Amino acid sequence: MLSQIIRSLTYLVEPLGIIWLALWIGAFLLWRNKLRRLALGSAAVALFMFVIGCTSVPGRLLATLEEPFVIESLESIPECDAVVMLGGGVRPSKHEAFGLDLTAAGDRMVMAVELVRRGKAPNLVLGGGAHRGGEQERVEADRMKRWLETWNIVQAPIFSLGGCANTRDEAVRTAALAREQGWKRVVLVTSAYHMRRARAVFLTEGVSVVCVPSDFQTEVSVETEDSIQLVPRHAGFYKMSLFFHEHIGWAMYRKRGWIQPEKI
């Protein structure tokens, strides 16, 4: 307990800790100067920060998106025509090998390569965005393809979807590729919290998928800092941003017709 208190004191010099402490000090000073409404407002914001940054609430909310897609054993995954890995696992980097920087979602790449290695599909499809620097367009999937082929990591044909704008764009291009190649069913690999929306978009585009999640963010799969903290940390806010991003994304995709419930 003493070590946790000491560690928490160090968190007070981080940006979130400084803001949180300032809100409590401000609430105290405002209350003492009889500015009660402002004091309560400051205290309410500080309390909100505590709930998001110190408790397990964000993790529990995000877990509702991850839990439905848990797979206990990779051996249970049926064989398909291709493994489709959505973008987000890398970003372009000017001074790193193959011009790639692995992101926090790099687990997607590990899972996709492992599924091909296990013989779950004879083809690998890479999604991802495109970034423009000056006159040159840097396509994530092309750079990943070059890396995997150079290292000879997967013994299978590798297809790049090119520079995709979003998940729906990846689904549209995968559907066209599947028709061209005569594929009937693919393994869909993306972050666990993103799988619900990704699955719906692919099904709407007529692509039959087997969902294999990766990049778990909660105790559904990984050890996290979901135990109660004394000072707000960034992890809870990150999980809440993912939770709201997916629900807002779902609503926007539904509004645009990119998700059609009757096809899911």
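The structure reproduced in this document is the subject of the present report. Keep in mind it's a predicted model, so treat the numbers as computed, not measured.

Structural notes on the pattern of salt bridges
No. 1: Scanning all chains against the criterion turns up 9 salt bridges.
No. 2: Measuring nitrogen to oxygen at the nearest pair gives 2.8 Å for the salt bridge that ties Glu149 to Lys145. Of this pair, Glu149 and Lys145 both sit in helix α6 (residues 140–151), 4 residues apart, which is roughly one turn of that helix.
No. 3: Overall, Glu149 belongs to the partly exposed group, its relative accessible area being 44%.
No. 4: Of the residues examined, Lys145 reaches a relative accessible area of 23% and is grouped as partly exposed.
No. 5: Note that Arg197 is salt-bridged to Glu246, the shortest N-O span being 3.0 Å. Taken together, the residues Arg197 in helix α8 (residues 195–204) and Glu246 in helix α9 (residues 234–256) connect sequence positions 49 residues apart.

With respect to the pairing of strand β9 (residues 208–214)
No. 1: Burial analysis of β9 places 6 of its 7 residues in the buried class, which makes it a mostly covered element.
No. 2: On the question of chirality, the crossover connecting strand β8 (residues 185–191) to the parallel β9 by way of α8 is right-handed.

Section: helix α4 (residues 57–66)
No. 1: Every buried residue of α4 is accounted for by Pro58, Gly59, Leu62, Ala63, Leu65 and Glu66. Projected down its long axis, α4 shows its buried positions confined to an angular sector of 150 degrees, all on one face.
No. 2: As for α4, its buried residues are in contact with α3 (36–54), α8 and α9.

The rules behind each value
Residues numbered from 1 in each chain as written. Predicted model: local features only at pLDDT ≥ 70, side-chain atom pairs only at ≥ 80, totals over all residues. Heavy atoms only, no water. Salt bridge = Lys/Arg side-chain N within 4 Å of Asp/Glu carboxyl O. Helix = DSSP H or I, 4+ residues; strand = E, 2+ residues; numbered from the N terminus. Buried < 20%, exposed > 50% of the residue type's maximum accessible area, 1.4 Å probe, protein only. Right-handed = clockwise from strand over helix to strand, strands pointing away. Arc of directions from axis to C-beta. Contact = heavy atoms within 4.5 Å.

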